[in-house]
Amino acid sequence: MLRRRLGPRRPARLLQLGFLLLLVAAVAQVLWWELDQTRYARRVERQRWESHQVDAEAARELVRLGADTAEVEGRWPHLEVLGSGSQARVRVRQSALDALEYERRRHLNQYRWEGAFFLFVLLVGIAVLWRVLRQEAELRRRQQNFLAAVSHELKSPIASLQLATETMVRRSLDADRRAELLERNLKDLGRLERLISNLLAVPRLESGKLELERSRIVLAEAVWEVLADLEAAGVARAHDVEVSVPSGLVVEADPVGVATVLRNLLENSLQATEGGGAVKVVAESGEDAVTLAVQDEGVGFEPAEARRLFEMFYRPGDEMLRHKRGTGLGLYLVQRFVQLEGGGVRASSDGPGRGARFDVWWPVRRVEGLS
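Residues numbered from 1 in each chain as written. Predicted model: local features only at pLDDT ≥ 70, side-chain atom pairs only at ≥ 80, totals over all residues. Heavy atoms only, no water.

A.B. asks: Please explain the overall build of the protein as it appears in this structure.
C.D. replies: Helix and strand content of the protein: 8 helices and 9 strands. Excluding contacts between residues fewer than 6 apart, the proportion of contacts in the protein whose partners are at least 24 apart in sequence is 70%. With an accessible surface of roughly 23,400 Å², the protein has 54% of that area assigned to carbon and sulfur atoms. (Helix = DSSP H or I, 4+ residues; strand = E, 2+ residues; numbered from the N terminus. Contact = heavy atoms within 4.5 Å. Areas by Shrake-Rupley, 256 points an atom, 1.4 Å probe, with all protein chains shown as cover.)

A.B. asks: Can you help me understand the packing of aromatic side chains in this one?
C.D. replies: Centre-to-centre distance and the angle between the planes together describe a pair of aromatic rings. Across all of its chains, the model carries 2 aromatic pairs by this definition. Aromatic pair F310 and F358: ring centres 6.4 Å apart, planes at 85 degrees, arrangement edge-to-face. Placement of F310 in the loop between β7 (289–296) and α8 (330–340) and of F358 in strand β9 (residues 356–363) is noted, with a sequence separation of 48 residues between them. Across the pair, F358 and F310 agree in class, each one buried. (Phe/Tyr/Trp six-rings, centres within 6.5 Å; stacked < 30°, edge-to-face > 60°. Buried < 20%, exposed > 50% of the residue type's maximum accessible area, 1.4 Å probe, protein only.)

A.B. asks: How should I be thinking about the packing of helix α7 (residues 255–272) against α8 in this particular structure?
C.D. replies: Working note: a packed helix pair is described by the angle between its axes plus the distance between those axes. Remark: α7 packs on α8, axes separated minimally by 9 Å, with the N-to-C direction vectors making an angle of 145 degrees. Helix-helix and strand crossings are classified by hand; for α7 and α8 the assignment is left-handed. Each of G257, T260, V261, N264 and L265 in α7 lies in contact with α8, whose residues at this interface are G330, L331, L333, V334, F337 and V338. Residue composition of the contact of α7 with α8, grouped by class: 7 nonpolar, 4 polar and no charged. (Axes fitted to C-alpha atoms, helices over the stretch in contact; angles between N-to-C directions. Left-handed = near helix turned anticlockwise from the far one by under 90°. Nonpolar A, V, L, I, M, F, W, Y, C, P; charged D, E, K, R; others polar.)

A.B. asks: When you look at the pattern of salt bridges in this model, what are you seeing that I'm missing?
C.D. replies: A side chain with one charge may pair with a side chain of the opposite charge, provided their charged atoms come close. Counted by the stated rule, this structure contains 11 salt bridges. For the salt bridge of R104 with E101, the shortest nitrogen-to-oxygen distance reads 2.7 Å. In this pair, R104 and E101 are both assigned in helix α4 (residues 94–170), 3 residues apart and thus about one turn of the helix distant. For E101, a relative accessible area of 24% corresponds to the partly exposed category. Ionic contacts of the salt-bridge type, sharing partners, join the residues E45, E101, R104 and R105 into one network. (Salt bridge = Lys/Arg side-chain N within 4 Å of Asp/Glu carboxyl O.)

A.B. asks: Which parts of the structure should I look at to understand the side chain of D254?
C.D. replies: Structurally, D254 is set in the loop between β5 (250–253) and α7. From its side chain, D254 meets the backbone nitrogen of E213 in a polar contact 2.9 Å long. Not counting residues within four places of it along the chain, the set of residues in contact with D254 comprises L212, E213, R214, I217 and E341. (Polar contact = N/O pair within 3.5 Å; in protein donor to acceptor, adjacent residues only side chain to side chain.)

A.B. asks: What is the right way to read the packing of helix α6 (residues 219–232) against α7 from this model?
C.D. replies: Axis separation between α6 and α7 bottoms out at 10 Å; the angle between their running directions is 55 degrees. The orientation of α6 with respect to α7, classified from their angle, is oblique. Every pair of crossing elements has a handedness; the one defined by α6 and α7 is right-handed. Facing L219, A222, V223, V226, L227 and L230 of α6, the residues of α7 in contact are V258, A259, L262, R263, L266, E267 and L270. Residues of the contact of α6 with α7, tallied by class, amount to 11 nonpolar, no polar and 2 charged. (Parallel < 35°, antiparallel > 145°, perpendicular 65-115°, else oblique.)

A.B. asks: In this structure, what is going on with the environment of I126? I would like to understand it.
C.D. replies: Along the chain, the position of I126 falls in helix α4. What makes I126 buried here is its relative accessible area of 13%. Spatially, the C-alpha atom of I126 lies 9.0 Å from that of L22, the residues being 104 residues apart in sequence.

A.B. asks: Could you clarify how one ought to interpret the sheet that holds β9 in this entry?
C.D. replies: Working definition: the strands of a sheet are paired by backbone hydrogen bonds and lie parallel or antiparallel to each other. Strand order in the open sheet formed by 5 strands is β4-β6-β7-β9-β8, with mixed pairing between adjacent strands. Single-partner strands in this sheet number two, and they are β4 (241–244) and β8 (344–348). Sheet twist, expressed as the average angle between the axes of neighbouring strands with direction ignored, equals 10 degrees. Alignment of β8 against β9, held across 5 bridges, turns out to be antiparallel. Residue R346 lies in a different strand from β9, and its bridge partner there is D359. Across the face of the sheet, α6 comes into contact with β4, β6 (279–285), β7 and β9 while running at roughly 165 degrees to β4. (Pairing = 2+ DSSP bridges.)

Next comes the structure, spelled out in structure tokens:
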């Protein structure tokens with residue numbers, strides 16, 4: 001077990017070290033290139049300055065031999081002749097020296113901008129690649145957690161079904177005991193049915209092939225129907241939940257979607273309060289939306305994780321150390337179903353052990369002919 005936990009970390013550390021070495025090498029290469037280009041620009045400037053000095057010596061010799069001053073300056077525009085005859089002086093024009101300095105600076109600035117742009121592109125590329133690799137590692141971790149969770153979710157009811165069935169087959173049971181085992185089988189089958197329904201809903205939601213069939217749903221009736229199903233499945237007892245939903249409150253939405261939203265929110269809160277605490281369901285109608293809130297006094301979560309709870313396969317913590325059921329799909333399905341209806345969902349908590357609240361809302365649809 002220790003080897004399995006430490007194993008994935010070593011490649012990640014090697015990858016981090018590789019990125020660090022690549023970044024250091026890239027920065028060193030850019031700095032070396034800048035230094036080399038600076039030396040090259042200075043060397044070119046020095047050579048051109050020395051060339052001007054050679055021209056100045058030649059011009060002085062011509063002036064000394066009696067050449068016309070204007071002819072000399074016309075031949076070497078970067079030189080100027082001061083005086084005449086043997087007293088004449090020849091020097092490089094200040095404008096020519098300024099031009100050499102300007103050219104050197106221009107080349108240096110060009111190299112610096114090119115180096116900075118290259119380094120920027122490299123850093124952006126490394127950052128994007130780093131983010132992709134981190135997301136891939138996170139997705140791989142979630143998939144592993146998901147597989148572990150699904151394996152547990154499938155194994156538990158199947159083992160229970162097998163045990164109950166073998167008991168009924170191999171032993172002679174009275175009617176009450178047989179009815180008890182059959183009821184347990186029905187609960188386990190219901191648990192399997194909910195799990196498979198969630199799994200089958202994901203690809204349809206992701207592909208956009210799910211067609212909604214909207215109808216008018218009395219929200220209070222939908223809540224009590226879901227609670228009855230959960231109670232029959234052994235997840236909830238009616239007195240654990242306080243429901244405050246107006247009897248006349250109606251939403252126009254897909255019945256399967258609404259049932260999925262309610263079932264996942266209620267089951268999530270009921271599991272969070274298995275150690276004690278109340279669950280409240282409150283709904284109200286506003287001008288533009290019908291809002292339903294499920295609030296519990298259960299385990300809660302870190303406020304920073306509020307948005308991530310609705311990501312596919314996301315479950316806080318290590319799946320190998322988890323004791324509560326779940327696959328990380330419930331809240332994702334809640335978000336996708338209400339988004340398809342044009343609504344939204346929000347999670348909030350004051351921290352671990354301080355309960356949680358989930359708010360969902362469906363838009364009020366004003367359709368001609370519906371009151």
